[in-house]
Amino acid sequence: MTSDPSYIVVGAGAFGTSTALHLKAKYPAASVTLIDRDDIYNEDISPSRVAASWDWNKVVRADYRDPVYCALGLAARDAWLGNELWAPFYRESGIFWISRTDFALEVVDNFASCARDRGADALDVLPAGQARDLYGGVFADADYSGVEKVLVNRMSGWADAKGALRRAARTAAERGVRIVRAEVRELVFDEEEEGKGVRCVGVRSADGEVRKATHVILSTGAFTPLLLERAAESTERDALRAGGRMVAAGVTTGLVQIDEDTAAELVQMPVCIQENPPERGASNGALPPTEDKLLKWWGQCIFKNTQTLPSGRQISIPPISADYEQWSVPDALVEDVEFAKKATFGRFGEAWKTTRHRICWDAVTPSQDFIISPHSACEGLYIATCGSFHGWKFLPIIGDHVVRMLDGTLPPDLREKWAWDRELPDVAKNKVWPTRELRDFQ
């Protein structure tokens, strides 16, 4: 690192905001700028922010098949519980996981391997017939086809997503992070010197203003492939492109406003993850009601939006509009959300009228692993994104890992797992990888 490092973090979602916080904690005198296209303080604009992190609530769990993410999830849960910045937004409701696979047993094994003896009492693997009567029978009429065991983990829960993110941004500003509202259109590069590669030195916003730093960190989610495509075009360097490393993908959520009586019935409700029916795609599920009595669940269909760029190249990008057209949900995706409601609640939720639908966009990798890495084709450029629809829960801690990446102290296993240049697996077994197009549902 240089003697006077400076940092621009593009994107004030979970990865970017956490990175800004942790940079300022480790380097109080450093110049840290966090840039986002939206006014991240203003509560009135909360329905229109396009960040995948900006939501009513998000799942917080350590229930993973992958022991690495299990350990990270437990570390994140400790921060949600024990740090005064995060604790006000966390609710440890527990989780109820319906799966035809051996997922429950894998999670139990992972908790044991992470040396969490206290977690043993929090996890139950129950016969489906017994589990369906828990929590007042709220999931009694769910789809248990082919399910033998249900995982109940009382160490999982959920958090107020936009509340936590807004508080984090305000805390970052209080600690000296400069918050800038601007739409970053392209990266800025130094002219190539003989014998040296291209170097990223800053960003240019839509109004033409250039901001420079020694380190430019992209935490830009679903916008990342397009930003890198523009960089490749401007520098004539194909290696800058995302290629098959990531794809911009969308999933649909639904919200219902419940009444006082229903809220009372659901007061002990945990998060529910429902993998049935598996042939439809990724899991669906639901989160407990918010304080405003909003109940949210999500569908199983994950899709892309492939577009042809002026260069003739094709990539998936969110719809080109100020809000990604996130509230313009096709009827087929509305039906997908309604199907998820039925699979999770059955007859219990028949009377609920879904009042709002939203398409949430994120960057997904073939392995569902994040990318937290220097860009190998460009000095000064770093990637910290690709939440793959499971990254938000790590908001309290993910920035620490980004800072370690910047410092060169990220543990070797994580450095390899999150590398820009890594072996890409076959996506055939990745149910989060989109195979259908948004237009297929219109």
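Sequence order sets the numbering: in each chain, residues are counted from 1 along the sequence as written. Local features are withheld for residues below a pLDDT of 70 in this predicted model, meaning they are given only at 70 or higher, and side-chain atom pairs are given and counted only at 80 or more; totals for whole chains, interfaces and linings count all residues. Side-chain descriptors were evaluated using all non-hydrogen atoms of the structure, hydrogens and water having been removed beforehand.

Draft legend 1. Geometry of the nonpolar core. We define the nonpolar core as a collection of buried residues of types Ala, Val, Leu, Ile, Met, Phe, Trp, Tyr and Cys that are connected through side-chain atoms lying within 4.5 Å of one another. Buried, partly exposed and exposed residues are distinguished by accessible area as a fraction of the type maximum, computed with a 1.4 Å probe on protein chains only: under 20%, between the cut-offs, and over 50%, respectively. Trp-80, Ile-217, Trp-392, Phe-394 and Trp-418 are the most contacted members of the largest nonpolar core, which has 69 residues in total. Here this core takes 7 residues from helix 2 (residues 67–82), the largest share from any one element. Going along the chain from the N terminus, every DSSP run of H or I of four or more residues is numbered as a helix, and every run of E of two or more is numbered as a strand.

Draft legend 2. Summary view of helix 8 (residues 331–345). The span you would expect from a helix comes to 1.5 Å times its residue count less one. End to end, helix 8 covers 21 Å across 15 residues, agreeing with the expected 21 Å (1.5 Å per residue, within 8%). Every buried residue of helix 8 is listed here: Leu-333, Asp-336, Val-337, Ala-340, Lys-341, Ala-343, Thr-344 and Phe-345. Check the buried side of helix 8 and you find it contacts strand 14 (247–257), strand 15 (271–274), strand 16 (284–287), strand 17 (294–298), strand 18 (303–304) and strand 21 (354–364). The first or second residue beyond helix 8 is Gly-346, which carries a positive phi of 60°. Contacts were defined at the residue level, with two residues in contact if any of their heavy atoms lie within 4.5 Å.

Draft legend 3. Region of interest: the side chain of Lys-296. Mapped onto the fold, Lys-296 is located in strand 17. Accessibility expressed as a relative area gives 4% for Lys-296, which makes it buried. Distance and chemistry together define a polar contact, namely a pair of N or O atoms within 3.5 Å, with one atom able to donate a hydrogen and the other to accept it when in protein, and with adjacent residues in sequence counting only for side-chain atoms on both sides. Reaching out from Lys-296, the side chain makes a polar contact with the side chain of Asp-55 at a distance of 2.8 Å. Among the polar contacts listed, one links the side chain of Lys-296 to the backbone oxygen of Asn-57, at a separation of 2.7 Å. In this structure Lys-296 touches Asp-55, Asn-57, Thr-253, Gly-254, Leu-255, Gly-285, Ala-286 and Leu-287, once residues within four positions along its chain are discounted.

Draft legend 4. A look at the environment of Val-50. Counting through the fold element by element, Val-50 comes out in the loop between strand 2 (31–36) and strand 3 (57–60). It is 6.7 Å that separates the C-alpha atoms of Val-50 and Tyr-324, two residues lying 274 residues apart in sequence. Setting aside residues up to four positions removed in sequence, Val-50 forms contacts with Arg-37, Asp-38, Ala-322, Asp-323, Tyr-324, Gln-326 and Arg-358.

Draft legend 5. Spotlight on the sheet that holds strand 10 (residues 184–190). At least two bridges found by DSSP between two strands is the condition for calling them paired. One open sheet accounts for 3 strands, arranged 10-11-12; its pairing is antiparallel. What marks the edges here is a single partner per strand, and that holds for strand 10 and strand 12 (210–212). Within the sheet, the average angular offset between the axes of one strand and its neighbour, ignoring direction, is 35°. Inspection of the sheet shows strand 10 paired to strand 11 (residues 199–205) by 6 bridges, in the antiparallel sense. Directly across from Val-184, in strand 11, lies its bridge partner Ser-205. A fitted line through C-alpha atoms represents every axis, and for helices the fit uses only the stretch in contact; the resulting angles, taken between N-to-C directions, go from 0 to 180 degrees.

Draft legend 6. Here's a closer look at the sheet that holds strand 4 (residues 90–91). Read from one edge of the open sheet, 3 strands run 3-8-4, paired in antiparallel fashion. A strand with exactly one partner marks an edge of an open sheet, and here the two such strands are strand 3 and strand 4. Here strand 4 runs beside strand 8 (residues 157–160); their pairing, made up of 2 bridges, is antiparallel. Following the sheet pairing, Tyr-90 is matched in strand 8 by Ala-159.

Draft legend 7. Local environment of the pairing of strand 2. By the criterion of burial, strand 2 is predominantly enclosed, with 5 of the 6 residues buried. Two strands pair when backbone bridges link them, and strand 1 (residues 6–10) and strand 2 are joined in this way by 5 bridges, in the parallel orientation. Pairing of Val-10 across the sheet is with Ile-35, part of strand 2. Note that the unit made of strand 1, helix 1 (residues 14–26) and strand 2 has a crossover that is right-handed. Pairing geometry for strand 2 and strand 9 (residues 178–181), over 4 bridges, is parallel. Within strand 9, the residue paired with Asp-36 across the bridge is Arg-181. The handedness rule is simple: strands pointing away from the viewer, and a clockwise path from the first strand over the helix to the second, make the crossover right-handed.

Draft legend 8. Summary view of the packing of helix 1 against helix 5 (residues 161–174). Packing of helix 1 against helix 5 leaves a shortest axis separation of 9 Å and a crossing angle of 30°. By the angle between their directions, the pair helix 1 and helix 5 is classed as roughly parallel. Between helix 1 and helix 5 lies a crossing whose hand is left-handed. Residues Ala-14, Thr-17 and Leu-21 of helix 1 pack against Leu-165, Ala-168, Ala-169, Thr-171 and Ala-172 of helix 5. In this count, Pro and Cys sit with the nonpolar residues alongside Ala, Val, Leu, Ile, Met, Phe, Trp and Tyr, while Asp, Glu, Lys and Arg are called charged and the others, Gly among them, polar. The residue makeup of the contact of helix 1 with helix 5, split by class, is 6 nonpolar, 2 polar and no charged. We call two directions roughly parallel when the angle between them is under 35 degrees, roughly antiparallel when it is over 145, roughly perpendicular when it lies between 65 and 115, and oblique otherwise. Crossing handedness is defined as follows: a turn of the near helix away from the far one that is anticlockwise and smaller than a right angle gives a left-handed crossing, while the clockwise case is right-handed.

Draft legend 9. Broad picture of unusual backbone geometry. Along the chain, Asn-276 connects to Pro-277 via a cis peptide bond; the corresponding omega equals -10°. Inspection of the secondary structure puts Pro-277 in the loop between strand 15 and strand 16. Here Gln-368, not a glycine, exhibits a phi torsion of approximately 70°, which is positive. Following the sequence through the fold, Gln-368 ends up in the loop between strand 21 and strand 22 (371–374). Given a relative accessible area of 26%, Gln-368 falls into the partly exposed group. One non-glycine residue, Phe-389, lies in the positive phi region at around 65°.

Draft legend 10. View of the pairing of strand 11. Counting buried residues along strand 11, 5 of its 7 residues qualify, which places the element largely inside the surrounding structure. Judged from the 3 bridges that link them, strand 11 and strand 12 form a sheet pairing that is antiparallel. Paired with Arg-204 across the two strands is Val-210, which belongs to strand 12. From the end of strand 11 to the start of strand 12, which pair antiparallel, there are 4 residues, and Gly-208 there has a positive phi angle of about 95°.

Draft legend 11. The arrangement of helix 6 (residues 224–235) in detail. Taking 1.5 Å per residue, 12 residues should reach 16 Å; helix 6 reaches 17 Å between its end C-alpha atoms and fits that length. Among the structural elements, strand 10, strand 13 (215–218), strand 14, strand 20 (314–316) and strand 23 (381–385) are those in contact with the buried residues of helix 6. Two residues or fewer past helix 6, Glu-236 is found with a positive phi of approximately 55°.

Don't take any of this as a statement about function, it's just geometry.
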